[in-house]
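# Tertiary structure, described
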Amino acid sequence: MTDASEATWRRRIGAIERYPTWKYVRFNWGVTASKSAAERQAIEKAVEIVRAEHPYINDPFPTDVDWLRR
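Residues numbered from 1 in each chain as written. Predicted model: local features only at pLDDT ≥ 70, side-chain atom pairs only at ≥ 80, totals over all residues. Heavy atoms only, no water.

Quick look at the overall build of the chain now. Within the chain, the regular secondary structure consists of 2 helices and 2 strands. The order of helices and strands in the chain, counted from the N terminus, is α-β-β-α. With 70 residues in all, the chain has 20% of them scored as buried. Just so you have it, the chain exposes about 5,900 Å², and 56% of that area is on carbon and sulfur atoms. (Helix = DSSP H or I, 4+ residues; strand = E, 2+ residues; numbered from the N terminus. Buried < 20%, exposed > 50% of the residue type's maximum accessible area, 1.4 Å probe, protein only. Areas by Shrake-Rupley, 256 points an atom, 1.4 Å probe, with all protein chains shown as cover.)

For the structure shown, the criterion picks out 2 salt bridges. The residue Glu-39 makes a salt bridge to Arg-12 at a minimum N-O spacing of 3.2 Å. Here Glu-39, found in helix α2 (residues 37-53), pairs with Arg-12, found in helix α1 (residues 6-13); they are 27 residues apart in sequence, far enough to count as distant. A relative accessible area of 22% means that Arg-12 is categorised as partly exposed. For Glu-48, the salt bridge goes to Arg-51, with nearest N and O atoms at 3.0 Å. Note that Glu-48 and Arg-51 are positioned in helix α2 at a spacing of 3 residues, about one turn of the helix. Residue Glu-48 is classed as partly exposed on the basis of its relative accessible area of 43%. (Salt bridge = Lys/Arg side-chain N within 4 Å of Asp/Glu carboxyl O.)

Another aspect to go through is the packing of aromatic side chains. The way to describe two aromatic rings as a pair is by their centre distance and the angle between their planes. In the structure shown here, the tally under the stated rule is 3 aromatic pairs. When the centroid spacing of 4.6 Å and the interplanar angle of 35 degrees are considered together, the rings of Tyr-19 and Tyr-24 count as tilted. Judged by its relative accessible area of 17%, Tyr-19 falls in the buried class. Among the aromatic residues, ring-to-ring pairing joins Tyr-19, Tyr-24 and Phe-27 into one connected group. The ring centre of Phe-27 lies 3.9 Å from the NZ or CZ of Arg-51, which sits over that ring. A cation sits over an aromatic face here: Arg-51 above Trp-29, 5.0 Å from the ring centre. (Phe/Tyr/Trp six-rings, centres within 6.5 Å; stacked < 30°, edge-to-face > 60°. Lys NZ or Arg CZ within 6 Å of the ring centre and 35° of its normal.)

Here you go:
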């Protein structure tokens, strides 16, 4: 367990990004973890565990697809 607040974890994890399935076949989401190397490594391990059980998210793509050009 941790004493960190939910807001602290949201800052550490960053935004959840949805990827197109034609580009990432095994999963369609990821996060941008914090810049601290130790925190980033722990968050990446946690993402892999969660992604193993929930590889796809179902929220609709935005109508503006310019973000695909990034």
